[in-house]
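# Residue-level structure breakdown
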Amino acid sequence: MPIINRIADFASEMTAWRQDFHAHPELGFQERRTSDIVAAKLESWGIEVHRGLATTGLVGVLRNGSGGRSIGLRADMDCLPMEEQNGFAHRSTVPGRMHACGHDGHTATLLGAAKYLAETKNFDGTVHFIFQPAEEGGGGGRVMVEEGLFDRFPCDAVYGIHNDPTTPLGEAKVVPGTILAASDRVFITIRGVGGHAARPHVAIDPVLVGAHVLVALQALVARRTDPLDSAVLSITQFHAGSANNVIPDEAKLSGTVRTLLPETRDLMEAQIARVAESTAAAHEAVAEVVYDRLYPPTVNHEAETARAALAAAKVLGESRVIRDAPPIMGGEDFSFMLLKRPGAFVMMGQKGAGKGGVPVHHPRYDFNDEMLPVGASYFAALVEQELTRG
Ligand code: NI
């Protein structure tokens, strides 16, 4: 696999950066230490740094030659609010915080590409290195776009990667069209009438009503969406009550909704409200539904995906570039960048021999450092291809 030689030379340095980020995870919009380190490294390589986008986000600007073309490369920096169960030396030093999605690796990968490109400058135009906060539900990518990311730092196209523990190291999924789902949240409050648990007939039990609502909602995916389309409704929280002998007057349910098509998203939003409200009404309770559209689907642009595949093939070999794969029902806020600029999001394999196969968001997940030079080589090859000299 032709990793760029110069990048292979500093692979161990990239590993050290990555493991340091892993040991010091920071939640969305709180990535101050990470952001400081990224900024210091970019500046030390002569890259112009702009800070304070979406609080802790930053953009590095590297110009060369006189060409007017520009490209954006994006990495995310935040961790997850969960406890790490790994015992290795670089495990999280912060209780209840863990880099369980590999954003530590994405940040180190983009830094590696930046170091190489600043040193070699084998391109003509402008590279924008976009380091965003708060991908895990906070919408840091959306905030950066709303704060004028692409007005201040114009990009002809924008590209990102995510590590993929289900795909072997050295392969990549570079697929046009919808690759990740819309990710929404739903909050349902059931209001009944509280009372003594021994006198349920004079109360209206929101726990029972909530249970009916939970089950009724499962019919939406099973019976209301096209079997050839995909949707997910997972109610993940159900809170009510404070004592064994008291019927509470309120129950709260919440969960996540994933869809691929806009019409399915509209249907789920409308039908969740209808089913919850009418099921509650059947029991003389009231349901209040708040549907929060979090992230749109991530839709890769056709032409830019072909360009990304071309660059990936230079690093991985044509046979290791997967150009057709079903979408994943996970979500990504890179989707907001792809709504503003053409581009592509690549799922890069990281499953090696006994390494990198633990799924993301798992307490024993770790980013496979062998992916660092692969990802950095891809980014570098993409820049040299898109901003060709002469
Ligand atoms: Ni992630």
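Bear in mind the structure is a predicted one, so any value in this text is a computation, not a measurement. (Residues numbered from 1 in each chain as written. Predicted model: local features only at pLDDT ≥ 70, side-chain atom pairs only at ≥ 80, totals over all residues. Heavy atoms only, no water.)

## Thoughts on the packing of helix α2 (residues 11-23) against helix α4 (residues 103-120)
Put simply, the rule reads: Whenever a helix is involved, its axis is fitted only over the stretch in contact; in every case the axis is a line through C-alpha atoms, and angles between N-to-C directions fall within 0 to 180 degrees. Comment: elements are numbered from the N terminus, with helices defined as DSSP H or I runs of at least four residues and strands as E runs of at least two. Working rule for handedness: look at the near helix, and if it is turned counterclockwise from the far one by less than a right angle, call the crossing left-handed; if clockwise, right-handed. Pairs of residues are marked as contacts when any of their non-hydrogen atoms sit within 4.5 Å. Here the term charged refers only to Asp, Glu, Lys and Arg, the term nonpolar to Ala, Val, Leu, Ile, Met, Phe, Trp, Tyr, Cys and Pro, and the term polar to all other amino acids, Gly among them.
Closest axis-to-axis distance for the α2/α4 pair is 9 Å, and the angle between their directions is 145 degrees. In terms of crossing hand, the pair formed by α2 and α4 is right-handed. For the pair α2 and α4, the contacting residues are E13, M14, W17, R18, F21 and H22 in the first and D104, G105, T107, A108, T109, L111, G112 and K115 in the second. Its residues assigned to classes, the contact of α2 with α4 comprises 5 nonpolar, 5 polar and 4 charged.

## Re the nonpolar core
Note the cut-off: Within this scheme, the nonpolar core is defined by two criteria: the residues are buried Ala, Val, Leu, Ile, Met, Phe, Trp, Tyr or Cys, and they are joined through side-chain atoms within 4.5 Å. Only protein chains enter the accessibility calculation, which uses a 1.4 Å probe; a residue whose area is less than 20% of its type maximum is buried, one above 50% is exposed, and one in between is partly exposed.
Formed by 64 residues in total, the largest nonpolar core has its most connected members in L42, L73, V127, F129, F131, Y159 and Y378. Among the elements that take part in this core, helix α11 (residues 371-386) stands out by supplying 10 residues, more than any other. In this structure, Y378 is in contact with Y159, I161, A308, A311, A312, V315, V346 and M348, ignoring residues within four places of it in sequence. Core analysis: the next-biggest nonpolar cluster, separate from the first, contains 22 residues, A54, L149, F153 and M347 among them.

## Focus on empty space enclosed by the protein
Leftover empty space is mapped by rolling, across the atoms, a probe with the size of a water molecule. The condition that has to hold: Here a cavity is any set of points on a 1 Å grid over the protein atoms alone where a 1.4 Å probe fits but cannot get out, and a pocket is any open set with protein on both sides within 12 Å along at least 5 of 7 lines; a residue lines the site when it has an atom within 4 Å of a point. Grid points are joined across faces, edges and corners, and a volume is the space filled by probe spheres set on the points.
Inspection of the entire model under this criterion finds 1 cavity of 30 Å³ or more. Considered as a void within the structure, the largest cavity measures approximately 80 Å³ in volume. Lining the largest cavity, in full, are K173, V175, I179, N300, A325, P326, P327, I328, F345 and M347.

## Structural notes on the packing of α2 against α11
Condition: Oblique is the label for any angle not under 35 degrees, not over 145, and not in the 65 to 115 range, which are roughly parallel, roughly antiparallel and roughly perpendicular in turn.
The geometry of α2 relative to α11 is characterised by a closest axis approach of 9 Å and an angle of 105 degrees between their N-to-C directions. What the angle tells us is that α2 and α11 run roughly perpendicular. Residues A11, M14, T15 and R18 of α2 touch α11, and the partners they reach there are L372, P373 and A376. Considered class by class, the residues forming the contact of α2 with α11 number 5 nonpolar, 1 polar and 1 charged.

## Comments concerning the domain arrangement of the protein chain
The criterion, for reference: For the purposes of this description, domain bounds are those given by an automatic or database domain assignment. When two parts are brought into contact, each loses some accessible area as probed by a 1.4 Å sphere; the total of that loss over both is the buried area. We define a salt bridge as a side-chain nitrogen of Lys or Arg found within 4 Å of a carboxyl oxygen belonging to Asp or Glu. Polar contacts here mean pairs of N or O atoms no more than 3.5 Å apart (in protein, one a potential hydrogen donor and the other a potential acceptor; neighbouring residues in sequence count only if both atoms are side-chain atoms).
Segmenting the protein chain into domains produces domain 1 (5-179 + 298-386) and domain 2 (182-295). Put simply, the middle of domain 1 and the middle of domain 2, counted by C-alpha atoms, are 37 Å apart. On the domain 2 side, the residues contacting the 15 residues of domain 1 number 9 residues. Buried surface at the junction of domain 1 and domain 2, both sides included, amounts to about 790 Å², of which 67% is carbon and sulfur. Across the domain 1-domain 2 interface, the total number found is 0 salt bridges. Our enumeration of links across domain 1 and domain 2 arrives at 5 residue pairs in polar contact (both at pLDDT 80 or more). Residues that form the side of domain 1 that touches domain 2 fall into these classes: 4 nonpolar, 7 polar and 4 charged.

## Here's the deal with the sheet that holds strand β13 (residues 286-295)
This is how it is decided: Pairing between two strands requires that DSSP report at least two bridges joining them.
In space, the 4 strands of this open sheet follow the order β10-β12-β8-β13, with antiparallel pairing throughout. Looking at strand neighbours, the two that pair on one side only are β10 (231-240) and β13, the edges of this open sheet. Neighbouring strand axes in the sheet, compared pairwise and without regard to direction, differ in orientation by 15 degrees on average. The sheet contact formed by β10 and strand β12 (residues 250-259) spans 9 bridges and is antiparallel. By the bridge assignment, L233 is partnered in β12 with V257.

## What to know about the sheet that holds strand β5 (residues 157-168)
One open sheet accounts for 8 strands, arranged β1-β2-β4-β3-β5-β16-β6-β15; its pairing is mixed. With one partner strand each, in any of the chains shown, β1 (48-53) and β15 (321-322) form the two edges of the open sheet. As defined by bridge partners, strand β6 (residues 172-173) adjoins β15 across 2 bridges and the pair is classed as parallel. From the neighbouring strand, A172 faces β15, where its bridge partner is V321. Against the sheet, helix α9 (residues 302-316) makes contact with β5, β6, β15 and β16 (343-351), and its axis sits at roughly 30 degrees relative to β16, the strand it touches most.

## Things to note about the layout of surface pockets
The space that makes up the largest pocket amounts to roughly 870 Å³. Taken together, 40 residues line the largest pocket, and the ones lying closest to its centre are E136, R258, G330, G331 and H361. Looking at the lining of the largest pocket, the elements that each hand over two or more residues are β5, β8 (182-191), β10, β12, β13 and β16. Partitioning the lining of the largest pocket into residue classes produces 17 nonpolar, 15 polar and 8 charged. Among the domains, domain 1 (5-179 + 298-386) and domain 2 (182-295) are the pair contributing at least three residues each to the lining of the largest pocket. Lining the second largest pocket are 14 residues, with K355, G356, D366, F367 and N368 positioned closest to its centre. Residues that form the lining of the second largest pocket fall into these classes: 2 nonpolar, 7 polar and 5 charged.

## What to know about the packing of aromatic side chains
Filter applied, for reference: Note on aromatic contacts: the rings of Phe and Tyr and the six-membered ring of Trp form a pair at centre separations within 6.5 Å, being stacked when their planes are under 30 degrees apart, edge-to-face when over 60 apart, and tilted otherwise.
Under the definition given, this model contains 4 aromatic pairs. Between W17 and W45, the ring centres sit 5.6 Å apart and the planes meet at 40 degrees, which makes this aromatic pair tilted. Taken together, the residues span a long stretch of sequence, with W17 in helix α2 and W45 in the loop between α3 (32-44) and β1 at a distance of 28 residues. Residues W17 and W45 agree in their burial class; the two are buried. Considering the side-chain rings of Y295 and F336, the 5.9 Å spacing of their centres and the 90 degrees angle between planes classify their relative orientation as edge-to-face. One end of the pair, Y295, is in strand β13; the other, F336, is in helix α10 (residues 334-340), with 41 residues separating them in the sequence. The pair Y295 / F336 is uniform in exposure class, with both members buried.

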